[in-house]
Amino acid sequence: MKKKSKILLKILIGLVGLLLLAAAVGWLIIRSMMQQPEPPPIPIPSPHNEVEKDEYGELLPPQVMQFEERRPNFFTFVIVGLTEGLNANTIMVGAYDVATNQAYIVSIPRDTRVDVQRNNRKIVSAYPVGRLNGGGHEGGINRLKYEVSTLVGFRPDFYIRVDYEAFIRMVDAVGGVELYVPFRMYYHDPYQNLYIDLQAGLQTLAGADALRFARYRTGTAGVSPTISDYQRIEHQQQVIAAVVREVMRPASILRIPELIGIFNDYVYSDLTTGELAWFANELRRIGGTNNIHFYTLPMAGTSGSPMWYELADEAGVLELVNRTINPLVRDITTGDVRIAR
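In every chain, residue numbers begin from 1 and rise along the written sequence. For a predicted model such as this one, the threshold for reporting local features is a pLDDT of at least 70, and the threshold for listing and counting side-chain atom pairs is 80 or more; totals across whole chains, interfaces and linings nevertheless cover every residue. Heavy atoms from the whole structure form the basis of all side-chain values; hydrogens and water molecules are not counted.

Observations concerning the overall build of the protein
Okay, step 1: Helical segments are the DSSP runs of H or I of at least four residues, strand segments are the runs of E of at least two, and each set is numbered from the N terminus. Each helix and strand in the protein was counted, giving eight helices and 14 strands.
Okay, step 2: In this scheme, a residue with accessible area under 20% of its type's maximum is buried, one over 50% is exposed, and one in between is partly exposed, where area comes from a 1.4 Å probe on protein chains only. With 341 residues in all, the protein has 49% of them scored as buried.
Okay, step 3: In the protein, the proportion of contacts linking residues at least 24 apart, taken out of those at least 6 apart, comes to 64%.
Okay, step 4: Note on areas: Shrake-Rupley with a 1.4 Å probe; residue coverage comes only from the protein chains shown. In the form shown here, the protein has an accessible surface area of approximately 17100 Å², with 55% of it arising from carbon and sulfur atoms. Whether two residues touch is decided by their heavy atoms; if any such pair falls within 4.5 Å, the residues are in contact.

Next up, the structure:
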């Protein structure tokens, strides 16, 4: 019996050794792929020249631009989560400062009014307008980046577009996420093919249920409450923080190739595989979710009926942007933004 136990122990030690060797080899391969991105210059219209604009306020060629000096090793992103259709229900601006190992994510409420000329001036319409006007995916992203810039005062460097399938696969790849569901979330909408039934309490949610948690807003009367868009934003941020916690676990080093594969197959981005690998390594260097800071763009109120626009608070926006995601060596000022009132 003792002999069998020793043989079994040797087999286990051998298997652990093989796993560690595979992890080391995999990590060396990943490190060889890493490439730090080169952020583009930040263009802003020159105040000394008149420029022609289209019906949406977009600059037309020839664009007379000046390029602002930017902070070194400071990267910005627009992160957009798409529904099954074209709606960009989740819009965030992220930033990462290499010097301080601090990351920031600022959520923009989907109903925020932007200074454009179309009938529906909610920022949630930016991506579909850009896409349906003949620009395709790139047109949608460019339109969204432009409208985000009117709110935050700069055009984000990169983009990451995530749809439902990508979200589910990423959460499942890290083994699910632990989340506290504050109350029973029950809602059934056959027109959206949406069925949510999550029990209250702390639990580990697989990808599909984590998506339902992030999407939940309207509850079935008499069973579950309806929440505000701000509460839904908080839930989305909690999911992101939970995914980051899982990725940062030492055992997750084995999952990095799978996560990069999911990004390549299901996530649209202008970051290369090598750049994604570099950011994955930087994420591990951050050292914990305490160094990832979540905010929501400050609002001054609502326009009321019939459109119910959320109206950004210019002073609050400028304070938050300059404290967190501003990539310039100078402060963003009133002259850099176009806050719709």
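After presenting the structure, the write-up continues.
Here's the deal with the sheet that holds strand β12 (residues 292–296)
Okay, step 1: The pairing criterion for strands is at least two bridges between them, as found by DSSP. Strands sit in the order β11-β6-β3-β4-β5-β12 across an open sheet of six strands; the sheet is mixed. Edge strands, defined here as strands with exactly one partner in the open sheet, are β11 (268–269) and β12.
Okay, step 2: Examined bridge by bridge, strand β4 (residues 88–97) and strand β5 (residues 102–107) share six bridges and lie antiparallel to one another. Paired with Ala 95 across the two strands is Tyr 104, which belongs to β5.
Okay, step 3: Every axis in this analysis is a line fitted to C-alpha atoms, fitted for helices over the stretch in contact. Angles between the N-to-C directions lie between 0 and 180 degrees. The strands that helix α7 (residues 273–286) touches are β3 (74–82), β4, β5 and β12; relative to β4, the one it contacts most, it runs at about 70°.

Things to note about the packing of helix α3 (residues 164–173) against helix α6 (residues 256–266)
Okay, step 1: The N-to-C vectors of α3 and α6 enclose an angle of 175°; their axes lie 10 Å apart at closest approach. With respect to α6, the element α3 is oriented roughly antiparallel. Contacts from Glu 165, Ala 166, Arg 169, Met 170 and Ala 173 in α3 reach Glu 258, Leu 259, Ile 262, Phe 263 and Tyr 266 in α6.
Okay, step 2: Each residue receives one of three labels: charged for Asp, Glu, Lys and Arg, nonpolar for Ala, Val, Leu, Ile, Met, Phe, Trp, Tyr, Cys and Pro, and polar for the others, Gly being one of them. A per-class count over the contact of α3 with α6 returns seven nonpolar, no polar and three charged. Oblique is the label for any angle not under 35 degrees, not over 145, and not in the 65 to 115 range, which are roughly parallel, roughly antiparallel and roughly perpendicular in turn.

Looking at the nonpolar core
Okay, step 1: With 51 residues, the main nonpolar core has Phe 75, Phe 77, Tyr 96, Val 177, Met 185 and Phe 213 as its most contacted residues.
Okay, step 2: Every residue in contact with Phe 213, bar those within four places of it in the chain, is listed here: Leu 179, Tyr 180, Val 181, Pro 182, Met 185, Leu 198, Leu 205, His 235, Gln 238 and Val 239.
Okay, step 3: Throughout this description, the term nonpolar core refers to a set of buried Ala, Val, Leu, Ile, Met, Phe, Trp, Tyr and Cys residues connected via side-chain atoms within 4.5 Å. Judged by nonpolar contacts, the second largest core, of 36 residues, contains Val 93, Val 114, Ile 325 and Leu 328.

Some points on the pairing of β4
Okay, step 1: Counting buried residues in β4 gives nine out of ten residues, a clear majority hidden from the surface.
Okay, step 2: Looking at chain direction, β3 and β4 are connected through nine bridges and run antiparallel. Bridge pairing links Thr 76 to Ala 95 in β4.
Okay, step 3: Hairpin geometry of β4 and β5 is characterised by an intervening segment of four residues between the two adjacent antiparallel strands and by a positive phi of about 55° at Asn 101.

Some remarks on the packing of helix α5 (residues 229–248) against α7
How two helices sit against one another is set out by the angle between their axes and by the gap between those axes.
Okay, step 1: Interaxial distance between α5 and α7 falls to 9 Å at its minimum, and their mutual angle equals 90°. In terms of orientation, α5 and α7 fall into the roughly perpendicular class. For the pair formed by α5 and α7, the contact residues are Val 244, Val 247 and Met 248 on the first element and Leu 283, Arg 284 and Ile 286 on the second.
Okay, step 2: For the contact of α5 with α7, the per-class residue count stands at five nonpolar, no polar and one charged.

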